[in-house]
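Chains, contacts and geometry: an overview
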Amino acid sequence: GDGQWDTASNWASGSVPTSSYNVTISSGQTLTIGNSTAAVANNLTIDSGGSLTVAANSDLTLSGDFTNNGTVTLNSDSDEFSSIIVGGSSTGDIVYNRYVNTVGSGEWDLIGSPVDGLSISGFVTTNSSVLAANGSAYAVGYHDNTDDSWTNYTTSTVGGAGNFDIARGYQMATSSGATMAFTGSIATTDQTQSIINNNGNGNGGRRWNLVANPFPSYLNANTNAHASNNFLSVNASVIDSNFLSIYGWDADGSGYTIYNNTSSATYIAPGQAFFVAAASSSAANLSFTEAMQTTTGGDDFINLDPGNTSSEFYLKFKKAGAQEADTKFY
C-alpha cells in the first residue's frame, strides 16, 4: 500500500487501529504516521527490521506498552513537532529529530533532551555535521545560577560530560537551523528537576533555573490548556509567586516572552527548555507529570514560521537605560 498508518487497506485487519488494538509492525514493513494523523493503539511492537516514522504534523498515543526492536523516528521542523505518549511501559530507543535554531547573534535556542539516557558526547558526535562550533567549543552548554554563568562543552570536556540531565535545559545552536537527532528511551514516569533561588548569595546568583520538557510530547503549560494537569498549577508551591510564569526565549532580539495563567492556552513543545524562578533558597523539586502530557500543541517558543503574517510591535519601558518591562501588541 501507500505505507500510511491511516490507510485501512495497509492493515491485516482491514481497518485502522483503535485504542483497543494491539499492533505489530513486522520485519521488513515500513509505516508512516503522516497526513496530520492522530494515531492510537493499545500495545505497539516494532519487530527487528520494522520501521515507524511519525511526521512533524502527527502524533501517536498508546494506552498500553511500547516495545521497539526496530526503528522508530519522530520528526519536527521549525514550527511543528511530532508527539508520542506511552500510557504503559516503554522498551527500546527512539530517535527524535528535534529542530534547533541557528547560532546567529541573539538567536540560539533553549533545548532539553526529549529522550532519556543520551550521552552528551554521543550527541555531539552524531550531530557534528549541523551542530555549530567555534574552535574547540561546541554550541551546547549549560547555565549555572549560582553566579549566572554559561559554560559550553569543548573538545576536552565533552568526553566527561555524562548524559543529558532529563528535564534540565541547555543552550544549543545549529550552523544554520536544522534538526538534531536525540536517541534514547521514552520517559514513562513522572520526572523531577531540582531548582533553587540563589538570588542574593553574594556571588551574582539568580533565582532563574533553566528546565525543559522531558517527554517526547507536548505538555499543558497553564490553566487555559488544562484546568489542573498543567505545569504552572502543579508547581505553584516551588515557583516564586511573584514570577509564576514560564519565560520562553524569543531569539529575535526581544528577550523572553512570559507565559502564565492569564495567557491563552499554552503548550510546551517536546524538547523545549525555558526559565522559571525558584521560590526557595533551599533546593526543591519541580515536577513534570505524565498527566500533563498532551498531543495538542503547535509552534515552540521561538516563532520561525514564515507563514505568520500577523502584525505586531514591541513597547519597552526603560529607566536609566535599563529595561524595566515590555509588552507586545498584535
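Quick summary incoming for the structure in this document. (Residues numbered from 1 in each chain as written. Predicted model: local features only at pLDDT ≥ 70, side-chain atom pairs only at ≥ 80, totals over all residues. Heavy atoms only, no water.)

So, about the sheet that holds strand S25 (residues 267-268). The strand order S25-S22-S28 describes an open sheet built from three strands, whose pairing is antiparallel. Since the sheet does not close on itself, it has two edges, and those belong to S25 and strand S28 (293-294), each with one partner. Both strand S22 (residues 218-220) and S25 contribute to a ladder of two bridges, which runs antiparallel. By the bridge assignment, Leu-219 is partnered in S25 with Ile-268. (Pairing = 2+ DSSP bridges. Helix = DSSP H or I, 4+ residues; strand = E, 2+ residues; numbered from the N terminus.)

On the surface, Phe-313, Leu-315, Phe-317 and Phe-329 cluster together into a nonpolar patch covering about 380 Å² of accessible area. With three residues, strand S29 (residues 313-319) is the single largest residue contributor to the nonpolar patch. Turning to its location among the elements, Phe-317 is positioned in strand S29. Judged by its relative accessible area of 44%, Phe-317 falls in the partly exposed class. (Patch = residues over 30% accessible without salt bridge, like charges linked within 9 Å, V, L, I, M, F, W, Y side chains within 5 Å. Areas by Shrake-Rupley, 256 points an atom, 1.4 Å probe, with all protein chains shown as cover. Salt bridge = Lys/Arg side-chain N within 4 Å of Asp/Glu carboxyl O. Buried < 20%, exposed > 50% of the residue type's maximum accessible area, 1.4 Å probe, protein only.)

For the structure on display, the rule yields three salt bridges. A salt bridge links Arg-98 to Asp-300, with the nearest nitrogen and oxygen atoms 3.2 Å apart. One end of the pair, Arg-98, is in strand S13 (residues 94-100); the other, Asp-300, is in the loop between S28 and S29, with 202 residues separating them in the sequence. A single burial state applies to Arg-98 and to Asp-300, both of which are buried. As a salt-bridge pair, Arg-207 and Asp-240 come within 3.7 Å of each other at their nearest N and O atoms. Here the residue Arg-207 occupies a position in the loop between strand S20 (191-195) and strand S21 (208-212), and Asp-240 occupies one in the loop between helix H2 (231-234) and strand S23 (246-249), the gap between them amounting to 33 residues. In this pair, the class of Arg-207 matches that of Asp-240, namely buried.

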